[in-house]
Amino acid sequence: ICEKAEALQNLTNWEETAKKLIKLQEEWKSTKYSQQEKSNKLWKRFKEACDNFFKSRKNHFKALEKEKNKLIDQLKDFTNSKDTEKNLKFLEKISNKWNKIGYIAKNTKKIDDKFYALINLKYQNTGISKDKLEKERYKNKISSLQGNKKAINDEKKILKDKIELLKKDINQYENNISFLATNKGSIK
């Protein structure tokens, strides 16, 4: 188990490697202990390998979070010029940088929400048409979902609920139309 953990400690495929190490930790808990001295030595090796990986992962995500905060600051400082195309190019550039960083972790949802609210406001202030503004907002919403399985599932549920509601409305309208059509002669 120690050797497996040590082989994993320097990998940067954060999510997959973390799952493997957690499995190894569970496996460690279920193994029988050997002599006290040997067991302590092995435990220290195993713990060190796990700690190295999780510390590196934490530092990696902190660095990405810092990058995201810098982009938010740049966006806050941005003021629209009279050149709409220039404004749009800047906002697109910031958006692309943000998307390149991608989804970090559950605890950065507040940062993501802050960014998307701010960039949508900046797009709104460019004076672009409503259609183009809606497209940009939709692209931003899609970008905010990337890599976040829970958010994707939540969005799916919202869309399914909307579809069901529309189906119910359609059925109600069809019933009303058929009722009115059959009673057309009785209305004077």
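Novice: So what's going on with the packing of helix H5 (residues 109–124) against helix H6 (residues 130–145)? Residues and values would help.
Specialist: Running from N to C, H5 and H6 point in directions that differ by 165°, and their axes come no closer than 10 Å. Our classification of the angle between H5 and H6 gives roughly antiparallel. Here H5 runs over H6; the crossing is right-handed. The segment H5 lies against H6, with Tyr 116, Ile 119, Asn 120, Tyr 123 and Gln 124 engaging Leu 133, Glu 136, Arg 137, Asn 140, Ser 143 and Ser 144. For the contact of H5 with H6, the per-class residue count stands at four nonpolar, five polar and two charged.

Novice: Let's hear about the pattern of salt bridges: which residues, and what values?
Specialist: In this structure the tally under the stated criterion is seven salt bridges. Where Glu 15 meets Lys 19, a salt bridge forms, and the shortest distance between an N and an O atom there is 3.6 Å. One end of the pair is Glu 15 and the other is Lys 19, both in helix H2 (residues 14–30) and four residues apart, which spans about a single turn. Under the relative-accessibility criterion, Lys 19 is labelled exposed at 51%.

Novice: Explain the packing of aromatic side chains to me, and be specific about the residues and the numbers.
Specialist: Across all of its chains, the model carries 10 aromatic pairs by this definition. Considering the side-chain rings of Trp 14 and Phe 61, the 6.4 Å spacing of their centres and the 55° angle between planes classify their relative orientation as tilted. Of this pair, Trp 14 sits in helix H2 while Phe 61 sits in helix H3 (residues 36–77); the two residues are 47 residues apart in sequence, bridging distant segments of the chain. With centroids separated by 5.1 Å and ring planes inclined at 75°, the aromatic side chains of Phe 53 and Phe 54 adopt a geometry described as edge-to-face. Counting every residue linked through ring pairs, the aromatic cluster contains Trp 14, Phe 53, Phe 54 and Phe 61.

Novice: Can you explain the state of the cysteines? Please cite residues and give values.
Specialist: Summed over all chains, the structure comprises zero disulfides. Free cysteine: Cys 50, not disulfide-bonded; nearest cysteine sulfur from Cys 2 at 8.7 Å. Among the residues examined, Cys 50 registers a relative accessible area of 3% and is labelled buried.

Novice: If you had to explain the layout of surface pockets to someone new, which residues and values would you point to?
Specialist: Empty space among the atoms can be located by rolling a probe the size of a water molecule over them. Its boundaries defined by the atoms lining it, the second largest pocket holds a volume of some 300 Å³. Contributing to the lining of the second largest pocket are 13 residues, with Lys 109, Asp 113, Leu 145, Asn 148 and Ala 151 lying nearest its centre. Mapped by element, the contributors of at least two residues to the lining of the second largest pocket are H5, H6 and helix H7 (149–182). Element by element, the count of residues in the lining of the second largest pocket is highest for H5, at four residues. Of the residues in the lining of the second largest pocket, the class split is four nonpolar, two polar and seven charged.

Novice: Quick one: what's the story with the side chain of Asn 87, residue by residue and with numbers?
Specialist: For Asn 87, the position within the fold is in helix H4 (residues 84–101). Overall, the relative accessible area of 2% leaves Asn 87 in the buried class. Apart from the residues lying within four places of it in its own chain, the contact partners of Asn 87 are Phe 78, Asn 80, Ser 81 and Thr 126.

Conventions used here
- Residues numbered from 1 in each chain as written.
- Predicted model: local features only at pLDDT ≥ 70, side-chain atom pairs only at ≥ 80, totals over all residues.
- Heavy atoms only, no water.
- Axes fitted to C-alpha atoms, helices over the stretch in contact; angles between N-to-C directions.
- Helix = DSSP H or I, 4+ residues; strand = E, 2+ residues; numbered from the N terminus.
- Parallel < 35°, antiparallel > 145°, perpendicular 65-115°, else oblique.
- Left-handed = near helix turned anticlockwise from the far one by under 90°.
- Contact = heavy atoms within 4.5 Å.
- Nonpolar A, V, L, I, M, F, W, Y, C, P; charged D, E, K, R; others polar.
- Salt bridge = Lys/Arg side-chain N within 4 Å of Asp/Glu carboxyl O.
- Buried < 20%, exposed > 50% of the residue type's maximum accessible area, 1.4 Å probe, protein only.
- Phe/Tyr/Trp six-rings, centres within 6.5 Å; stacked < 30°, edge-to-face > 60°.
- Disulfide = S-S within 2.5 Å.
- 1 Å grid on protein atoms, 1.4 Å probe; cavity = no way out; pocket = protein on both sides within 12 Å on 5 of 7 lines; lining within 4 Å.
- Points joined across faces, edges and corners; volume = space filled by probe spheres on them.

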